[in-house]
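# Chain and residue survey
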Amino acid sequence: MKQGIRETTLGIQHLLAMYAGAVLVPLIVGGAIGLSAEQLTYLVAVDICLSGVATLMQLASNRFFGIGLPIVLGCTFTAVGPMIAISGEYGLSALYGSIILSGLFIVLISPFFSMLRKFFPPIVTGTVVTIIGLTLIPVAINNMAGGQGSADFGSAANVTLAFATLMIIILIYKFSTGFIRAISILLGLVAGTLMATAMGMVSFSNVREASMFHMLEPFYLGTPSIVWPAVITMCLVNIVSLVESTGVYYALSDITGKKITRKDLSRGYRAEGLAVMLGGFFNAFPYTAFSQNVGLVQMTGVKSRRVIVITGVMLIALGFLPKVAAITTIIPTSVLGGAMLAMFGMVATQGIKMLSKCMGESQENSLIVACSVGLGLGVSVVPDLFSALPQGVQILTSNGIVAGSFTAIVLNIVFNMLPSKVSVPAADQSTDLVKESAQEAS
């Protein structure tokens, strides 16, 4: 009984950690393409439900799909811009047709994409995980200020709530052990929301207006159609998502101590492809592995897949119960931002931990990390760097995670895979420099 309560509480914590990111994509895209309030409500609900379905598919680990790691899936932010552009130029039917066919494309290429794992040694995957964490931190900072574009952005109330939430999480993590320490994020979110309620910053209107129950309907927003430029664009977007997911897979592999094989990667990619197809069928969006839950696994130390199964089941239930799902929307953005800072920071530190094992092997590895992280962060801060390139190419270059990951892969090939002179370990190079300096001094 106690074990069940404990796992359920941890499952709720994972749900709250990913919920804001999961609903943000349909809210942004739905608002940009002019959906009605009723359509937007459906879009958010079906997105939450299918996030749960996609998560359970990834956990399944059968012969055909599922990598079997404690992964939570949600809508990918990478697809936001392209989806808005496709909807504006070709319409919703073309968007959902492109999502379904791009998901099928991922299913078909999954065995071949998994064969590229030799291009993802620890120096590359550690770099990718570090970039993922660092490029997500600005999202947390914006949320701490109240959310980008909000009327009270950077207000004293928002900043106070954000740092109060973060401080509560830190204090709980410092002065508690066991189960209490494991749910420090959840307790911080609850405490921050209670503070916000006392300050009059919590609105319950979404809860009152939401319906109690509804069913999912295939092709609710439109019947899919095939427009090949849109299909090609979404295929590129989903390949980008696979690169991001690969970093998440290896981060969780390192945390859990479970070594992943080429077949594991293939099943993981195939699960994501099936989830994308399912999203298009029910008029939702593409799904990918969520990094914030990796940070939560790292912070709590709880690696059980049963906890994530509970999260997936709750997500599915919330998709059918809009009024219950709306309760989680009362958490202020600034409170979420305070918790996100800790979680995203933990993703970055997990990447640094992975890199610490191989950074000392050679100076070349240090240069790979330096250039890749630098470019990844640079593109995130200045996304217009490649604005003169064709739109199709910008899908790859305007995303800091992808730009940094691509740089790490190419530099690893140049320094560690192409024939060259034998690399001198970094430690030996330092020793040689010391000896040379000593000889010059004498």
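The structure reproduced in this document is the subject of the present report. Nothing here was measured: the structure is a model prediction, and the numbers come from that model.

### Considerations on the overall build of the protein chain
Scanning the protein chain for helices and strands turns up 19 helices and 2 strands. Expected size for 442 residues packed as a compact globule is a radius of gyration near 22 Å; at 22 Å, the protein chain falls within 12% of this value. Principal axes of the C-alpha set define a box for the protein chain whose edges measure 80 × 55 × 45 Å. Each of the 442 residues in the protein chain was classed as buried or not, and the buried ones make up 52%. Looking at the protein chain alone, contacts between residues at least 24 apart form 84% of all its contacts between residues at least 6 apart. With an accessible surface of roughly 18900 Å², the protein chain has 68% of that area assigned to carbon and sulfur atoms. If you average the places of the 22 positive and of the 18 negative side-chain charges in the protein chain, the two averages end up 14 Å apart.

### Section: the pattern of salt bridges
Side chains carrying opposite charge are able to pair once their charged atoms draw close together. Counted by the stated rule, this structure contains 2 salt bridges. Ionic pairing is found between Arg 306 and Glu 7, a salt bridge with its closest N-O pair at 2.9 Å. Pair noted here: Arg 306 is in helix 13 (residues 305–320) and Glu 7 is in helix 1 (residues 2–32), with a separation of 299 residues, a long-range link. According to the relative accessible area criterion, Glu 7 is buried, its value standing at 9%.

### Quick notes on helix 8 (residues 184–198)
Its 15 residues place the ends of helix 8 21 Å apart at the C-alpha level, agreeing with the 21 Å of an ideal helix rising 1.5 Å per residue. Those residues of helix 8 lying buried are Ser 184, Ile 185, Leu 186, Gly 188, Leu 189, Gly 192, Thr 193 and Ala 196. At the exit of helix 8 stands Gly 200, carrying a positive phi of roughly 75 degrees.

### Regarding the environment of Glu 89
Mapped onto the elements, Glu 89 comes out in helix 3 (residues 80–90). In this structure Glu 89 comes out as exposed when scored by relative accessible area, which is 58%. C-alpha separation for the pair Glu 89 and Ile 33, spaced 56 residues apart in sequence, amounts to 11 Å. A polar contact of 3.4 Å, which involves the side chain of Glu 89, links it to the side chain of Tyr 90.

### Focus on unusual backbone geometry
Here the phi dihedral of Phe 219 falls at roughly 55 degrees; this positive angle occurs in a residue that is not glycine. Mapped onto the fold, Phe 219 is located in the loop between helix 9 (205–209) and helix 10 (228–256). Notably, Asn 283 is not glycine yet its phi reads approximately 65 degrees, a positive angle. Here Asn 283 lies in the loop between helix 11 (262–281) and strand 2 (287–289).

### Here's the deal with the side chain of Thr 76
With respect to the element layout, Thr 76 can be found in the loop between strand 1 (73–75) and helix 3. Here Thr 76 falls in the buried class, since its relative accessible area comes to 2%. At a separation of 3.4 Å, a polar atom in the side chain of Thr 76 contacts the side chain of Ser 241. Setting aside anything within four residues of it in sequence, one finds Thr 76 in contact with Val 25, Ser 241, Pro 286 and Thr 288.

### Here we look at empty space enclosed by the protein
If a probe as big as a water molecule is rolled over the atoms, it shows which places are left empty. Under the definition given, this model contains 1 cavity of 30 Å³ or more. Space inside the largest cavity adds up to approximately 40 Å³. In terms of lining, the largest cavity is formed by Ile 106, Asn 238, Ser 241, Leu 242, Glu 272, Gly 273, Val 276 and Tyr 287. Secondary-structure elements contributing two or more residues to the lining of the largest cavity are helix 10 and helix 11. Of the residues contributing to the lining of the largest cavity, the split by class is 4 nonpolar, 3 polar and 1 charged.

### Some details on the nonpolar core
Residues Met 83, Ile 185 and Phe 285 are the most contacted members of the largest nonpolar core, which totals 114 residues. Broken down by element, the residue count for this core peaks at 11 residues, all from helix 10.

### Structural notes on the packing of helix 4 (residues 92–114) against helix 11
Where helix 4 contacts helix 11, the axes come no closer than 7 Å and their chain directions differ by 175 degrees. One finds that helix 4 runs roughly antiparallel with respect to helix 11. On helix 11, the residues touching Tyr 96, Ile 99, Ile 100, Ser 102, Gly 103, Leu 104, Ile 106, Val 107, Ser 110, Pro 111, Phe 113 and Ser 114 of helix 4 are Arg 262, Leu 265, Ser 266, Tyr 269, Arg 270, Gly 273, Leu 274, Val 276, Met 277, Gly 280 and Phe 281. Classifying every residue of the contact of helix 4 with helix 11 gives 14 nonpolar, 7 polar and 2 charged.

### Description of the packing of helix 5 (residues 122–144) against helix 15 (residues 333–356)
One can describe the packing of helix 5 onto helix 15 by two numbers: an axis separation of 7 Å at closest approach and a directional angle of 165 degrees. Comparing the axis directions of helix 5 and helix 15 gives the class roughly antiparallel. Relative to helix 15, the crossing made by helix 5 is left-handed. For the contact of helix 5 with helix 15, a count of residues per class yields 19 nonpolar, 13 polar and no charged.

### Topic: the packing of aromatic side chains
Applying the stated criterion across every chain yields a total of 8 aromatic pairs. Geometrically, the ring pair formed by Tyr 249 and Tyr 269 is tilted, given 5.9 Å between the ring centres and 35 degrees between the ring planes. Taken together, the positions of Tyr 249 in helix 10 and Tyr 269 in helix 11 put the pair 20 residues apart, joining distant regions of the chain. Between Phe 281 and Phe 282, the ring centres sit 5.2 Å apart and the planes meet at 85 degrees, which makes this aromatic pair edge-to-face. Its relative accessible area of 35% is what places Phe 281 among the partly exposed residues. For Phe 282, a relative accessible area of 17% corresponds to the buried category. Within the aromatic cluster, the residues linked to one another by ring pairs are Phe 113, Tyr 249 and Tyr 269. In this structure, Arg 181 is placed above the aromatic ring of Tyr 173, and the distance from its NZ or CZ to the ring centre is 4.1 Å. A cation over a ring is seen here: Arg 270 above Phe 64, with NZ or CZ 4.7 Å from the ring centre.

Rules behind the numbers
- Residues numbered from 1 in each chain as written.
- Predicted model: local features only at pLDDT ≥ 70, side-chain atom pairs only at ≥ 80, totals over all residues.
- Heavy atoms only, no water.
- Helix = DSSP H or I, 4+ residues; strand = E, 2+ residues; numbered from the N terminus.
- Rg over C-alpha atoms; globule rule 2.2 N^0.38 Å.
- Buried < 20%, exposed > 50% of the residue type's maximum accessible area, 1.4 Å probe, protein only.
- Contact = heavy atoms within 4.5 Å.
- Areas by Shrake-Rupley, 256 points an atom, 1.4 Å probe, with all protein chains shown as cover.
- Lys, Arg positive; Asp, Glu negative; His and termini not counted.
- Charge placed at Lys NZ, Arg CZ, Asp CG, Glu CD.
- Salt bridge = Lys/Arg side-chain N within 4 Å of Asp/Glu carboxyl O.
- Expected span 1.5 Å × (residues − 1).
- Polar contact = N/O pair within 3.5 Å; in protein donor to acceptor, adjacent residues only side chain to side chain.
- 1 Å grid on protein atoms, 1.4 Å probe; cavity = no way out; pocket = protein on both sides within 12 Å on 5 of 7 lines; lining within 4 Å.
- Points joined across faces, edges and corners; volume = space filled by probe spheres on them.
- Nonpolar A, V, L, I, M, F, W, Y, C, P; charged D, E, K, R; others polar.
- Core = buried A, V, L, I, M, F, W, Y, C linked by side-chain atoms within 4.5 Å.
- Axes fitted to C-alpha atoms, helices over the stretch in contact; angles between N-to-C directions.
- Parallel < 35°, antiparallel > 145°, perpendicular 65-115°, else oblique.
- Left-handed = near helix turned anticlockwise from the far one by under 90°.
- Phe/Tyr/Trp six-rings, centres within 6.5 Å; stacked < 30°, edge-to-face > 60°.
- Lys NZ or Arg CZ within 6 Å of the ring centre and 35° of its normal.

Read these as layout, nothing more, since geometry by itself doesn't imply function.
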